[in-house]
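Observations on chain architecture
Okay, here's what each chain looks like letter by letter:
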Amino acid sequence: MAILRKDTPIGFEFRGTMKTVTSFRTWLFSGGWPPFDGWPARNVHTDAEFAKRCGLPGRAASGAMFQGYLTELMISLFGEEWLQGGRMELKFIQIVRMNETLVSKSRVGSKEQEEAGTRFGVDLWCENQHGEKVVVGTGTGWIR
Amino acid sequence: MTETGKTANELAPGEEFEPAAFHVTQEFNENYLHAVEDFHPRYMQGAAGGPPIVHPALLINYSNITRSPSFRLPPGMAAVHTHEEVEYLAPAGVGGKLTVTWKVIGVYEKRGKPYQVVDALIAGENGAPVLRRKTTNAFVAIPGGA
């Protein structure tokens, strides 16, 4: 079930579920699979010392993790059909550290009637607990 | 090193990273559901008699260039993911094998940093496309790196 409808107006805002980027969830995401000997794999997302050697203040969550949050939001807006032709363009503007809380947000920026349905352009971003944007971009999908 | 003997930052437009294949089991998929706190039934049980579908975050993470078996960087350098364009083409079912291919489609310099743009494609066992991405990475020197 999609949240957007053909008559949803430009300016409509919708926020996704609040997520906490815990240490363990980041290990699950970036630690590799399967979780056998040597898990989690050492990288800037999973290992503080590794991250510091790379010039970061500490472990940083993978951008793919909060890209996943925005994908969940887009599927909420457009329904599962969004996985067949839906698009996103994102720019990663700030690192996300352990135990930050993120919420994905959206605002309908454009809509056009096309043969395939109503095409919506949506502004997308994730904010941390300080209200700072960590990723910004746009998404596109259709309501048929 | 890639098959050409080059590190990732040396690859020019038209050159490719070594492809990677991975098999998504239910446990592998559920690992990602826990990671991103998304337990929608479409990922656990499937719908309309079909298998559960692979979580999009798993697809994104396993199509990063760092997943290529040939991805290497010289000592003292890191790759930072800065920009992303993704198009979802079809859901992938849990239980299937997916293959990722990567091709460099552009390089440029901005504020003294080299950037590389890579086209990544995930395809299912029958070759049907699942997801296409255009990812941009900056190659940065690690402070105090070799």
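Note: the structure precedes this text.
Residues numbered from 1 in each chain as written. Chains lettered and ligands numbered in written order. Predicted model: local features only at pLDDT ≥ 70, side-chain atom pairs only at ≥ 80, totals over all residues. Heavy atoms only, no water.

1. Thoughts on the overall build of chain B
Selection criterion: A run of DSSP states H or I qualifies as a helix once it reaches four residues; a run of E qualifies as a strand once it reaches two. Both are numbered from the N-terminal end. For the accessible areas, the method is Shrake-Rupley and the probe is 1.4 Å, while residue cover comes only from the protein chains on display. A residue counts as positive if it is Lys or Arg and as negative if it is Asp or Glu; His and the chain ends are not included. Where a charge sits is defined by one atom per residue type, namely NZ (Lys), CZ (Arg), CG (Asp) or CD (Glu).
Counting its secondary structure elements, chain B contains three helices and five strands. For chain B, the succession of helices and strands along the chain, N to C, is β-α-α-α-β-β-β-β. With respect to the three principal axes, the spread of C-alpha positions in chain B is 50 × 30 × 25 Å. Of the roughly 6,500 Å² of accessible surface on chain B, a fraction of 53% belongs to carbon and sulfur atoms. Here chain B contributes 12 positively and 15 negatively charged side chains, and the mean placements of these two sets differ by 6 Å.

2. Some words on the side chain of aspartate 119 of chain B
To keep things clear, this is the line we draw: Contact between two residues is taken to exist if any of their heavy atoms lie within 4.5 Å; hydrogens are not considered.
Relative to the helices and strands, aspartate 119 of chain B resides in strand E4 (residues 113-123). When neighbours within four sequence positions are excluded, aspartate 119 of chain B is seen to be in contact with Thr101, Trp102, Lys103, Ile105, Arg132 and Arg133 of chain B.

3. A closer look at the pairing of E4 of chain B
Residues and elements named next belong to chain B. To keep things clear, this is the line we draw: Burial here depends on accessible area, computed with a 1.4 Å probe over protein chains only, as a share of the maximum for the residue type. Under 20% is buried, over 50% is exposed, and the range in between is partly exposed. Pairs of strands are assigned from DSSP output, requiring at least two bridges between the strands.
Along E4, eight of the eleven residues are buried, which leaves the element largely enclosed by surrounding structure. The sheet contact formed by strand E3 (residues 97-110) and E4 spans eleven bridges and is antiparallel. Each residue of the ladder has a partner; that of valine 104, found in E4, is valine 118. Hairpin connection of E3 to E4: two residues between the antiparallel strands, including arginine 111 at a positive phi of 50°. As paired elements, E4 and strand E5 (residues 129-141) share nine bridges and run antiparallel to each other. Considered in E5, the bridge of tyrosine 115 is made with alanine 138. The loop that links E4 with its antiparallel partner E5 comprises five residues; one of these, glycine 127, has a positive phi angle of about 85°.

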